[in-house]
Amino acid sequence: MVTHVPSEAPGDERGMFLSFIEAQRGAIRRSLLGLTEEQAASRPSASELSLSGLAKHVAECELNWLRMAQQQVNETVRNENTWADGFRLVGDETVEQVLKFWDGVVAEEEDFIRSVPSLDDTFPLPDMPWFPKDGRVSMRWLLAHLVEEIARHAGHADIIRESLDGRTALELVAEAGGYSDQS
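Residues numbered from 1 in each chain as written. Predicted model: local features only at pLDDT ≥ 70, side-chain atom pairs only at ≥ 80, totals over all residues. Heavy atoms only, no water.

J.: Now, about the overall build of the chain: what can you tell me, with residues and values included?
T.: Check the secondary structure of the chain and you find six helices and two strands. Along the chain, helices and strands appear, N-terminal first, in the series α-α-α-α-β-β-α-α. By the compact-globule yardstick of 16 Å for 183 residues, the chain fits well, its C-alpha radius of gyration being 17 Å. Taking the principal axes of the C-alpha coordinates as reference, the chain spans close to 50 × 45 × 25 Å. When burial is assessed residue by residue, the chain has 40% of its 183 residues classed as buried. Restricting to contacts in the chain with at least 6 residues of sequence separation, those with at least 24 account for 70%. In the form shown here, the chain has an accessible surface area of approximately 10300 Å², with 53% of it arising from carbon and sulfur atoms. (Helix = DSSP H or I, 4+ residues; strand = E, 2+ residues; numbered from the N terminus. Rg over C-alpha atoms; globule rule 2.2 N^0.38 Å. Buried < 20%, exposed > 50% of the residue type's maximum accessible area, 1.4 Å probe, protein only. Contact = heavy atoms within 4.5 Å. Areas by Shrake-Rupley, 256 points an atom, 1.4 Å probe, with all protein chains shown as cover.)

J.: If you had to explain the packing of aromatic side chains to someone new, which residues and values would you point to?
T.: Any aromatic ring pair is given by two values, namely how distant the centres are and how the planes are angled relative to each other. Counted according to the given criterion, the structure contains five aromatic pairs. Here Trp-65 and Phe-123 contribute two aromatic rings whose centre-to-centre distance is 6.5 Å and whose plane-to-plane angle is 70°, an arrangement assigned as edge-to-face. Within this pair, whereas Trp-65 is found in helix 3 (residues 51-70), its partner Phe-123 is found in strand 1 (residues 122-124), the two being separated by 58 residues in sequence. Relative accessible area serves as the criterion here: at 6%, Trp-65 is assigned to the buried category. Note on Phe-123: relative accessible area 0%, which makes it buried. (Phe/Tyr/Trp six-rings, centres within 6.5 Å; stacked < 30°, edge-to-face > 60°.)

J.: Hey, could you go over the side chain of Ser-52 for me, with residue numbers and the actual values?
T.: Tracing the backbone through its elements, the reader meets Ser-52 in helix 3. Contacts of Ser-52, omitting those with residues within four sequence positions, involve Leu-32, Ala-40, Ala-41, Leu-89 and Val-95.

J.: Describe the nonpolar core, with residues and values.
T.: Formed by 43 residues in total, the largest nonpolar core has its most connected members in Ile-28, Trp-65, Trp-102, Phe-123, Met-139 and Leu-142. The set of elements that each furnish at least two residues to this core consists of helix 1 (13-30), helix 3, helix 4 (95-115) and helix 5 (139-165). Examining the composition of this core, we find that 11 residues originate from one element, helix 3, more than from any other. Discounting residues that sit within four places of it in the chain, Met-139 has contacts with Ala-69, Phe-112, Val-116, Ser-118, Leu-119, Asp-121 and Phe-123. (Core = buried A, V, L, I, M, F, W, Y, C linked by side-chain atoms within 4.5 Å.)

J.: So what about the packing of helix 3 against helix 4? Which residues, and what values?
T.: The geometry of helix 3 relative to helix 4 is characterised by a closest axis approach of 9 Å and an angle of 25° between their N-to-C directions. Considered as vectors, helix 3 and helix 4 are oriented roughly parallel to each other. For helix 3 against helix 4, the interelement crossing comes out left-handed. When helix 3 is examined against helix 4, the residues Ser-52, Ala-55, Lys-56, Val-58, Ala-59, Glu-60, Glu-62, Leu-63, Leu-66, Arg-67, Ala-69 and Gln-70 are found in contact with a partner set consisting of Val-95, Val-98, Leu-99, Phe-101, Trp-102, Val-105, Val-106, Glu-108, Glu-109 and Phe-112. Taken together, the residues of the contact of helix 3 with helix 4 sort by class into 14 nonpolar, two polar and six charged. (Axes fitted to C-alpha atoms, helices over the stretch in contact; angles between N-to-C directions. Parallel < 35°, antiparallel > 145°, perpendicular 65-115°, else oblique. Left-handed = near helix turned anticlockwise from the far one by under 90°. Nonpolar A, V, L, I, M, F, W, Y, C, P; charged D, E, K, R; others polar.)

The following block contains the structure:
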């Protein structure tokens, strides 16, 4: 369920992108409403994905792109041995901890995006087989990509939640907005 994203102030392209990104984050967060840790970690559909794992993945994904844009080392970088851990809670991790971590990433990301001189500024892509050799992208591209990436996972979250307990995105939007009595 797409919720209404407020219109940006005239000329506030950054604010518009950040609002669309936040709307997609909200869909993932709402998918966790009222669930136990066990329910959030369950995989009720054919997918290997869980709701808590999606939240963790998106938080780490946003941090990864932020660090690339900042041209800094990502402190949570994954390798082939730890890749799957980015899609599930491990050890004593909790949904609350993942959401708190994500909140920190979001605040840092917004501060960074608001501080860059221009959305036309670029940064290099890492040397990976899925990126073009010597590739660069703009901050605007980064923001559009985050809308795309998070929206994809918000759709996954909708399906997982509905498979888990039948609750739909519309019902969760109503609950989060205090309108859960839909009689």
